[in-house]
Amino acid sequence: TETTPSPITRLPFEAIPISRADSIQLPEGFSGEAFIPWGTPITGRYPSFLEDASNTAQDQAEQTGMHHDGMHFFPIDAQVGAGKRSDHGLLVVNHEYIDPQLLHPNGPTLSTVGERTNADEVRKEINAHGVSVVEIQRDSRGRWSVLPSTRNRRITGVTPMRIEGPARGHALMQTRYSPSGTTSRGTLNNCASGHTPWGTYLTCEENWAGYFSNQDAEPPREHSRYGIQKTTRYGWETLTGDEFQRFDASQQADSPLKDYRNEPNTFGWVVEIDPFNPDATPIKHTALGRFAHEGIIFAPTEPGQRLVCYSGDDSANEYIYKYVSRNPYRPRSDNSRLLDEGILYVARFNADGTGDWLALDLRDPDFQKACTAKGVQFSDQGEVLINTRLAADVAGATKMDRPEWGAINPISGEVYFTLTNNSARKTADAANPRSPNPYGHIIRWQESSPDYSGTHFNWSIYLLAGPEQEGQIQEQFLQAENILASPDGLWFDPAGRLWIQTDMSGDQLSSGPFGNNQMLVSDPTTGETKRFLVAPIGAEVTGITATPDFRTLFINIQHPGEGSTSKRFTSHWPSGEDKRPRSATLVINRTNNRPLI
Ligand code: FEO
Ligand code: CA
Ligand code: CA
Ligand code: CA
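In this text, all values refer to a predicted model and were calculated from it rather than measured experimentally.

Draft legend 1. Quick peek at the overall build of the protein. Helix and strand counts for the protein stand at nine helices and 32 strands. For 597 residues, the compact-globule estimate of 2.2 N^0.38 gives 25 Å, and the protein sits close to it at 23 Å. With respect to the three principal axes, the spread of C-alpha positions in the protein is 90 × 55 × 50 Å.

Following this line, the structure appears as structure tokens:
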């Protein structure tokens, strides 16, 4: 009798079923432990987390923030170039936003008309945003712990930052805080992240527009095109005093140095943080454009080549961008400057499977012509970058289904991007083929130029998310072991397997066929795709980084128990019993302590 040889799989684990349990589900042979949950003491007086959420604003500034998102593990010797240590490093974690119901003992205190009344509560909220840098160490059993280190650092919504690139000093960047337009206060809504070839961390400002109000009859285009509304997400601007009034960007005086109209223009950027130097001022790099930056990824960089990176604008019908530095990368020089001089492009996906990168640069003749044709004026390149979305509209880029994370296949060199969903799509096109698109998809492209710096590419769709008989990968329908929706986080492991994380919400999460949010692994060489992890109730799966030996994978479990009130928690992860839910990093190991896959 003949036996069919079993196909060689590069996913040697049993796919797990969907789950609605309030726990982490993993295949047999893997373990997942919560690590540095919101409120973990890391600096200063190392204040302990108080279960009733009564920690003060100052405590919060010395503890990890809320809602962990993008993250990167820097081996402790990464600075000297080798970067191979796997048992000791800096874990740098974004804290995207907050849930005021869970951040305070009884939720936020509000006046009868819904305004904020407690300044310390709002200060705590601002301090729960930003980034944490934590020095961590692994013992011989694979257990991680936080070291009391002078490198540990909290960056928050008030940490001073420097502005670099073409918009530095621009009239539209001049504020009461910085009349010269060269500095800014804090970073907000830090969603996904990136890391540079020279060992620094990049944190991306995504839904910052929701923190600023504008009451003007006709707000300026650098506010309106980004969706700044009359009211804000948390109402910080309803308190008096400079520290809160800066979130009201209405025109109130005869000069931008006497009101806060330009404050939002100092947000929407990619921010560089040197994790190895706790005294270094973070830098907002304006050459990378201003939009709802999800994350940023770098093309493989050889010494002597120009730097190329990609970033998506996560909002319905927004764009995917690419940046090419003017000067080449040279190890051991001041490479941070490479992020300040270069050309920003936006993607047009043509129906025939080709694509073009359109320069958003006043020196580019096609861009000049497009501006003239559309009757749009920019006085200088700084103004183009402050109005990146408008510049991309003018150039004629392809409106996408909410671009989230990108990742580059280390084997084929193709660039992959998640398009999470788009209920607002009215007309399908080749690159966004479903209208509306409730489930999302993953697109990929190959650059025509080997060094990624050229203006042409060829694209295809890798995966259409969805339920069985609807979702597809490489012409095969998805099955029980790999149905998914709303792909968001994306990462290639060193062997070229694609890790996909989901961020479903609303009805899709509560009553869809997909269960709780999840992480899958997909092999682009075969299309084989298996569910690897399911998250607790209400949580999104996001953030992903590994140690160089691949024995530890770190991911983030963001907003478990979303929709909880201060009186009723819909999840108790990770502490169990009747405890309040807390976002946390999840440390994933093989139970035999060998490399993950
Ligand atoms: Fe914060 Fe687009 O996810
Ligand atoms: Ca995301
Ligand atoms: Ca998302
Ligand atoms: Ca999120």
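Further notes follow.
Draft legend 2. Spotlight on the pairing of strand E23 (residues 456–464). Pairing geometry for strand E18 (residues 354–359) and E23, over three bridges, is antiparallel. Its bridge partner lying in E23, Gly355 is registered against Phe457. Across two bridges, E23 lies against strand E24 (residues 472–473) in antiparallel orientation. Across the sheet, the residue bridging to Leu463 is Ile473, located in E24.

Draft legend 3. The arrangement of the sheet that holds strand E1 (residues 30–35) in detail. With antiparallel pairing, the four strands of this open sheet are ordered in space as E1-E32-E31-E30. Of all strands in the sheet, those bounded by a partner on one side alone are E1 and strand E30 (540–546). The average undirected angle you get between the axes of adjacent strands in this sheet is 25°. Bridge count for E30 against strand E31 (residues 552–558) is six bridges, and the pairing is antiparallel. Bridge pairing in E31 links Thr542 to Asn556.

Draft legend 4. Quick peek at unusual backbone geometry. Looking along the chain, the bond that leaves Ser435 and enters Pro436 is cis, with omega of -5°. Structurally, Pro436 can be placed in the loop between strand E21 (415–419) and strand E22 (441–447). Geometrically, the link from Trp573 to Pro574 is a cis peptide bond, its omega value of 5° lying close to zero. Position of Pro574 among the secondary structure elements: in the loop between E31 and strand E32 (584–590). A positive phi is found at Ile36, a non-glycine position, where the angle reads about 35°. Tracing the sequence through the fold places Ile36 in the loop between E1 and helix H1 (57–60).

Draft legend 5. Highlighting helix H8 (residues 388–395). Most of H8 is tucked away: seven of the eight residues are buried. Looking only at H8, the buried set comprises Thr388, Arg389, Leu390, Ala391, Ala392, Val394 and Ala395. Positive phi appears at Gly396, one or two residues downstream of H8, with a value of about 90°.

Draft legend 6. A look at the pairing of E21. With five of its five residues buried, E21 lies for the most part within the structure. Residues Val415, Phe417 and Leu419 point to one face of E21 and Tyr416 and Thr418 to the other, with burial holding for every one of them. Across four bridges, strand E20 (residues 403–408) lies against E21 in antiparallel orientation. The residue of E21 that forms the bridge with Gly406 is Phe417. Between E20 and E21, which pair antiparallel and follow one another directly, the connecting turn spans six residues, one of which, Gly413, has a positive phi of 80°. As judged from the five bridges shared by E21 and E22, these two strands associate in the antiparallel manner. When the bridges of E22 are listed, Phe417 appears paired with Ile443.

Draft legend 7. Representation of the nonpolar core in the model. With 135 residues, the main nonpolar core has Leu91, Val92, Val346, Leu360, Ala395 and Ala407 as its most contacted residues. For this core, the element with the most residues is strand E17 (residues 342–349), which contributes six residues. Residue contacts for Ala395: discarding those within four places in its chain leaves Val346, Leu358, Leu360, Phe367 and Ala370. Among the nonpolar cores identified, the runner-up in size contains eight residues, and Ala53, Met66, Ile98 and Ala128 belong to it.

Draft legend 8. The environment of Ala397, seen in detail. In this structure, Ala397 sits in the loop between H8 and strand E19 (400–401). With 24 C-beta atoms counted inside 10 Å, the residue Ala397 sits in the buried group. Between the C-alpha atoms of Ala397 and Ala61, which are 336 residues apart in sequence, the distance is 41 Å. Apart from residues no more than four positions distant in its own chain, Ala397 is found in contact with Tyr319, Val346, Ala347, Arg348, Leu358 and Ala392.

Draft legend 9. Region of interest: the sheet that holds strand E8 (residues 183–185). Pairing is mixed across the open sheet formed by six strands, whose spatial order is E8-E7-E12-E11-E10-E9. Each end of this open sheet is capped by a strand with a single partner; those strands are E8 and strand E9 (190–195). Ignoring strand direction, the axes of neighbouring strands in this sheet form an average angle of 35°. Where strand E7 (residues 160–164) and E8 come together, three bridges link them in antiparallel fashion. When the sheet's bridge partners are listed, Met161 is paired in E8 with Ser184.

Draft legend 10. Representation of the confidence of the model for the protein. Confidence in the prediction for the protein averages 97 pLDDT; 98% of positions are at 70 or higher. Model confidence for the complex: the whole-complex pTM is 0.98, and ipTM, which rates the interface, is 0.98.

Draft legend 11. Fine view of helix H3 (residues 119–127). Within H3, seven of the nine residues are buried, which leaves the element mostly enclosed by the surrounding structure. The set of residues buried in H3 consists of Glu121, Val122, Arg123, Lys124, Glu125, Ile126 and Asn127. If you follow the buried residues of H3, they end up packed against H1, helix H2 (100–103) and helix H5 (242–245).

Draft legend 12. Examining the environment of Lys530 more closely. Take Lys530: it is sitting in strand E29 (residues 529–534). Considering only alpha carbons, one finds Lys530 and Arg551, 21 residues apart in sequence, at a separation of 20 Å. Residue contacts for Lys530: discarding those within four places in its chain leaves Leu11, Phe13, Ala15, Glu481, Asn482, Leu520 and Val521.

Criteria and thresholds
- Residues numbered from 1 in each chain as written.
- Chains lettered and ligands numbered in written order.
- Predicted model: local features only at pLDDT ≥ 70, side-chain atom pairs only at ≥ 80, totals over all residues.
- Helix = DSSP H or I, 4+ residues; strand = E, 2+ residues; numbered from the N terminus.
- Rg over C-alpha atoms; globule rule 2.2 N^0.38 Å.
- Pairing = 2+ DSSP bridges.
- Axes fitted to C-alpha atoms, helices over the stretch in contact; angles between N-to-C directions.
- Buried ≥ 20, exposed ≤ 12 C-beta atoms within 10 Å, placed from the backbone.
- Core = buried A, V, L, I, M, F, W, Y, C linked by C-beta atoms within 7 Å.
- Contact = placed C-beta atoms within 7 Å.
- pLDDT = per-residue confidence, 0-100.

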